[in-house]
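So the chains spell out like this:
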Amino acid sequence: MSGDSEEGVQVAVRMRIFNQREKDASATRVIRMTREDVGSKTFIMNPDTEDEKEFKFDFSFNSHANDPAVGPYASQDTVFDDLGRPVMMCALEGRNVCLFAYGQTGSGKTHSMMGGADTTSEERGIIPRLAQDLFMEKKKLEEKTGSTWSVEFGFVEVYNEKVSDLLAP
C-alpha cells in the first residue's frame, strides 16, 4: 500500500525459479507476466492447447528468468521497493500494517520474506530490509524531533491450523 493510496489491500504474485525436482522433471514454464500502467497481469498457458488465461494483480513479480518473453525480472530489491518500502512508509505515518505471504509449501514465501542465509547480500528478503530501514528512519526522526517511537514486530506462521510465533525462542 503506497502512502498516498486509498486502497487498504494490495495483492502481489511472484513466480520463482524452478526447484531441483522441477528441473529433474524437465518442467516447462507456463507463466508469463506483464507490468501495466496500473497493476500487472499474469498469464497461465495450458500446455496442451497453448490457450492463456489472464489474471490481474497489483503486482506480478517474475523471479524465474531474466527473459523479456517471461516479463520484467524482479529481484529482491524490486520486491522490497514495490511492497516493503510502502509498508514501511505507512508504519512511519503511524498506521498499523501487515504484510501477508500465502502459498503452498515450497512456493517461495520464505525467500521473499526472509531471503537467503547471507543477511548481508542482495538476496535479503523484505523483513530484514524493512527492519533495517525502519530502525534507521526511526533513529533519524527521534534525533530530529526529540520524540521516542515504539516499534513492534510480529512474525507468525500458520501451518496445519497451528499458529507458531517465529520470533519466540
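Residues numbered from 1 in each chain as written. Predicted model: local features only at pLDDT ≥ 70, side-chain atom pairs only at ≥ 80, totals over all residues. Heavy atoms only, no water.

K.L.:
Would you mind going over the sheet that holds strand β4 (residues 52-57) with me for this structure?
P.N.:
Sheet strands associate in pairs through backbone hydrogen bonding, adopting either a parallel or an antiparallel arrangement. Taking strand neighbours across the sheet as the criterion, the 3 strands line up as β2-β3-β4 in an open arrangement whose pairing is antiparallel. Looking at which strands have only one partner, the edges of the open sheet turn out to be β2 (31-35) and β4. For this sheet, the mean angle separating the axes of adjacent strands, direction not counted, is 20 degrees. Sheet topology note: the strand β3 (residues 40-45)/β4 ladder contains 6 bridges and is antiparallel. Looking across to β4, one finds that F43 is bridged to E54. (Pairing = 2+ DSSP bridges. Helix = DSSP H or I, 4+ residues; strand = E, 2+ residues; numbered from the N terminus. Axes fitted to C-alpha atoms, helices over the stretch in contact; angles between N-to-C directions.)

K.L.:
Looking at this structure, I do not really get the environment of L141. What am I missing?
P.N.:
Mapped onto the elements, L141 comes out in helix α4 (residues 126-145). Separated by 49 residues in sequence, L141 and L92 place their C-alpha atoms 9.5 Å apart. Those residues in contact with L141 that lie beyond four places of it in its chain are L92, G146, S147 and W149. (Contact = heavy atoms within 4.5 Å.)

K.L.:
What is the right way to read α4 from this model?
P.N.:
Within an α-helix, residues lying three or four positions from one another point in the same direction, as the helix has 3.6 residues per turn. Here α4 spans 28 Å end to end across 20 residues, near enough to the 28 Å set by a 1.5 Å rise per residue. Along α4, the residues classified as buried are I126, R129, L130, A131, D133, L134, K138 and E142. Residues of α4 that are buried make contact with α2 (76-92) and α3 (109-113). Just past α4, the residue G146 takes up positive phi, approximately 75 degrees. (Expected span 1.5 Å × (residues − 1). Buried < 20%, exposed > 50% of the residue type's maximum accessible area, 1.4 Å probe, protein only.)

K.L.:
Sorry if this is basic, but what is going on with the nonpolar core here?
P.N.:
Looking at soluble globular proteins, one finds that nonpolar side chains tend to be buried together. Grouped together as the largest cluster of nonpolar side chains are 13 residues, with contacts concentrated most on F61, V79, L83, M88, I126, L130 and L134. Elements that contribute at least two residues to this core include exactly β5 (59-62), α2 and α4. Per-element accounting of this core gives the leading share, 6 residues, to α2. Dropping the residues within four chain positions of it, V79 is found in contact with R14, F61, G84 and I126. (Core = buried A, V, L, I, M, F, W, Y, C linked by side-chain atoms within 4.5 Å.)

K.L.:
Help me out: how do you make sense of the pattern of salt bridges in this one?
P.N.:
Pairs may arise between side chains of opposite charge once their charged atoms sit close together. Enumeration according to the criterion identifies 10 salt bridges in this entry. E54 is the partner of K41 in a salt bridge, and the nearest nitrogen-oxygen pair spans 3.7 Å. Of this pair, K41 sits in strand β3 while E54 sits in strand β4, placing them 13 residues apart in sequence. Accessibility expressed as a relative area gives 21% for K41, which makes it partly exposed. Under the relative-accessibility criterion, E54 is labelled partly exposed at 40%. In the salt-bridge network here, residues are joined through shared partners; they are D81, R85 and D133. (Salt bridge = Lys/Arg side-chain N within 4 Å of Asp/Glu carboxyl O.)

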